[in-house]
Amino acid sequence: MQRGKVGEDRRDPFVWSYRKLSTLMIELLRTNDLILISLIEAMFTDDRIGYFVADQHMSSMEGSSGFLQRRILVADDQIDQARRLLRDAGFGQELKHG
C-alpha cells in the first residue's frame, strides 16, 4: 500500500469523512430525529457530500432528555448541493435558514 496524505484513499479518490482536513463545515440543520439523521447520512454518502454529525454522543452526558439536538454539518463547498438534495427529497422545512 502506498502512503499518502491523511484521509487519502488510493482506491477511491473521494474519502468523505476526511476529504480535506482544513475544510470549513457549515451547520445545515439540527434535529433529534434519528431516522432523519440516518436518511440524510445515506443520501449524503450516496451523493459524496462531505458531512459530520455533531453532538451525537451528547445524549449520554445530558441524560437523554433530548434538549441537545444533533447538528449536521456540511463542507462549505458542498452546502448548496446538500441543500438542493434535501429540498428535492422533501426535507426543505428541516433546513436551517430554509
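Further up the page is the structure itself.
Read on for a plain summary of the structure. Note that the coordinates shown come from a computational prediction; the quantities given were computed from them, not determined experimentally. Numbering of residues starts from 1 in every chain and runs along the sequence as written. Reporting in this predicted model follows two pLDDT cut-offs: at least 70 for local features of residues, and 80 or more for side-chain atom pairs to be given and counted; totals over whole chains, interfaces and linings ignore these cut-offs and use all residues. Working from all heavy atoms in the structure, the side-chain values ignore hydrogens and water.

## A few points about the overall build of the protein
Now for step 1: Numbering of helices and strands runs from the N terminus; a helix is a DSSP stretch of H or I covering at least four residues, while a strand is a stretch of E covering at least two. When you go through the protein residue by residue, the secondary structure sums to 3 helices and 3 strands.
Now for step 2: Per-residue accessibility, obtained with a 1.4 Å probe over protein chains only, is compared with the maximum for each type, and a residue is labelled buried under 20%, exposed over 50%, and partly exposed between these values. A burial count over the protein gives 33% of its 98 residues as buried.

## Quick look at the pattern of salt bridges
Now for step 1: For this analysis, a salt bridge means a side-chain nitrogen from Lys or Arg found within 4 Å of a carboxyl oxygen belonging to Asp or Glu. Taken as a whole and assessed by the stated rule, the structure comprises 2 salt bridges.
Now for step 2: Arg 30 is the partner of Glu 27 in a salt bridge, and the nearest nitrogen-oxygen pair spans 2.5 Å.
Now for step 3: Notably, a salt bridge pairs Asp 55 with Arg 71, separated by 2.7 Å at the nearest N-O pair. You can see Asp 55 sitting in the loop between strand S2 (51-54) and helix H2 (59-62) and its partner Arg 71 sitting in strand S3 (residues 70-75), a full 16 residues away along the chain.
Now for step 4: The class of Arg 71 is partly exposed, set by a relative accessible area of 23%.

## Focus: the packing of aromatic side chains
Now for step 1: Centres within 6.5 Å are what make two rings of Phe, Tyr or Trp a pair, Trp counting through its six-membered ring; a difference in plane orientation under 30 degrees is then read as stacked, over 60 as edge-to-face, and the rest as tilted. For the structure on display, the rule yields 1 aromatic pair.
Now for step 2: With centroids separated by 6.0 Å and ring planes inclined at 55°, the aromatic side chains of Phe 44 and Tyr 51 adopt a geometry described as tilted.
Now for step 3: On the basis of relative accessible area, Phe 44 is assigned to the buried category, the value being 0%.

## Things to note about the nonpolar core
Now for step 1: Ranked by size, the top nonpolar core spans 18 residues in total, and within it Leu 28, Ile 40, Phe 44, Ile 72, Val 74 and Leu 86 carry the most contacts.
Now for step 2: Secondary structure elements with two or more residues in this core: strand S1 (25-31), helix H1 (34-46), S2, S3 and helix H3 (79-88).
Now for step 3: Those residues in contact with Val 74 that sit more than four places away from it in its chain are Leu 24, Met 25, Ile 26, Leu 28, Phe 44, Ile 49, Gly 50, Tyr 51, Ile 79 and Ala 82. Put simply, a nonpolar core is a bunch of buried Ala, Val, Leu, Ile, Met, Phe, Trp, Tyr and Cys residues held in one set by side-chain atoms that sit within 4.5 Å of each other. Here a residue-residue contact requires only that any non-hydrogen atoms of the pair lie within 4.5 Å.

## Concerning the pairing of S3
Now for step 1: Of all 6 residues in S3, 5 are buried, a share of seventy percent or more.
Now for step 2: When DSSP finds at least two bridges between two strands, those strands are taken to pair. With 6 bridges connecting them, S1 and S3 associate as antiparallel partners. From the neighbouring strand, Thr 31 faces S3, where its bridge partner is Arg 70.
Now for step 3: Summarising the sheet, S2 and S3 pair through 4 bridges and their orientation is antiparallel. Within S3, the position partnered with Tyr 51 by the bridge is Val 74.

## Section: H3
Now for step 1: Looking only at H3, the buried set comprises Ile 79, Ala 82, Arg 83, Leu 85 and Leu 86. Each buried residue of H3 lies within a common arc of 160° when the element is viewed along its axis, so the set occupies one face. Projecting away from the buried face of H3 at angles above 90 degrees are the exposed residues Asp 80 and Asp 88.
Now for step 2: On its buried side, H3 packs onto S1, H1 and S3.
Now for step 3: Positive backbone phi, at 90°, marks Gly 90, one or two positions downstream of H3. Directions pointing from the helix axis toward each C-beta atom define the arc.

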